[in-house]
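# Examining the three-dimensional arrangement
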Amino acid sequence: MKSLKYLALFLVMAACAGTPQQQEPQLGPDGKPLAQVYRITRSDAEVIPTRAVEAVNSLRAARGTAPVVLSTPLTVAAAAHSRDMAKQNRPWHWGSDGSSPLDRAARAGFAGEVVGENISETYEAETETLSAWMQDGETRDVILDPQARQMGFAWYQEPSGKIWWTMVTGS
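What comes next concerns the included structure. Everything numeric in this text was worked out from a predicted model, so none of it was measured.

### Brief notes about the sheet that holds strand β1 (residues 69-70)
One open sheet holds the four strands; their spatial order is β1-β3-β4-β2, and the pairing between them is mixed. Each edge of the sheet is formed by a strand with only one pairing partner; in this case those strands are β1 and β2 (114-122). Relative to strand β3 (residues 150-157), β1 runs parallel, the two being bridged by two bridges. The partner of V69 across the bridge, within β3, is Q150. Lying on the sheet, helix α2 (residues 42-62) is in contact with β1, β3 and β4 (163-170); it crosses β3 at an angle near 135 degrees.

The structure is reproduced here in structure tokens:
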């Protein structure tokens, strides 16, 4: 009987301890939860370009716009620019050598016409980045431009977790 009392006391104490409290999300100055660092693993790296082009094509289909296909030369240009932005530590469309998106695409062997380029400096995944681009008219226009038939999509992730995303579209 005494051991039963101890068991009951133990169960009551365990119940009082409760389950671990979930931490409240940290909020930024805008009152929204701060982004969590998205670490790109090797397996993520293999599927990110496909997920990105599928997401873009879903957005384009909703607007009645023809799909894009993933372009190796545009992806090479996007990767070079992502790494270069990290080196410069600023998101902008000009390379450290003064190159434009047109120059980088030509260097990578793209024979078509560059339609647009979207860039981002963030800690978020590609789908969150695409969503943010869709909230801005200029970057949304790059994604939905009916002239675009090809797309390059790449990133560079710093050891801190910061990701430099680049999307280049072409015809």
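### Here's the deal with helix α6 (residues 137-144)
The set of residues buried in α6 consists of T139, V142, I143 and L144. Buried residues belonging to α6 abut α2, β2, α5 (126-134) and β4.

### What about the packing of α2 against α5?
Running from N to C, α2 and α5 cross one another at 30 degrees; their axes reach a closest spacing of 10 Å. Overall, the two elements α2 and α5 adopt an arrangement that is roughly parallel. Two packed elements cross with a definite hand, and for α2 against α5 that hand is right-handed. Across the interface between the two elements, I48, R51, A52, A55, V56 and L59 of α2 pack against E126, L130 and M134 of α5. A class-by-class count of the residues in the contact of α2 with α5 yields seven nonpolar, no polar and two charged.

The rules behind each value
Residues numbered from 1 in each chain as written. Predicted model: local features only at pLDDT ≥ 70, side-chain atom pairs only at ≥ 80, totals over all residues. Heavy atoms only, no water. Pairing = 2+ DSSP bridges. Helix = DSSP H or I, 4+ residues; strand = E, 2+ residues; numbered from the N terminus. Contact = heavy atoms within 4.5 Å. Axes fitted to C-alpha atoms, helices over the stretch in contact; angles between N-to-C directions. Buried < 20%, exposed > 50% of the residue type's maximum accessible area, 1.4 Å probe, protein only. Parallel < 35°, antiparallel > 145°, perpendicular 65-115°, else oblique. Left-handed = near helix turned anticlockwise from the far one by under 90°. Nonpolar A, V, L, I, M, F, W, Y, C, P; charged D, E, K, R; others polar.

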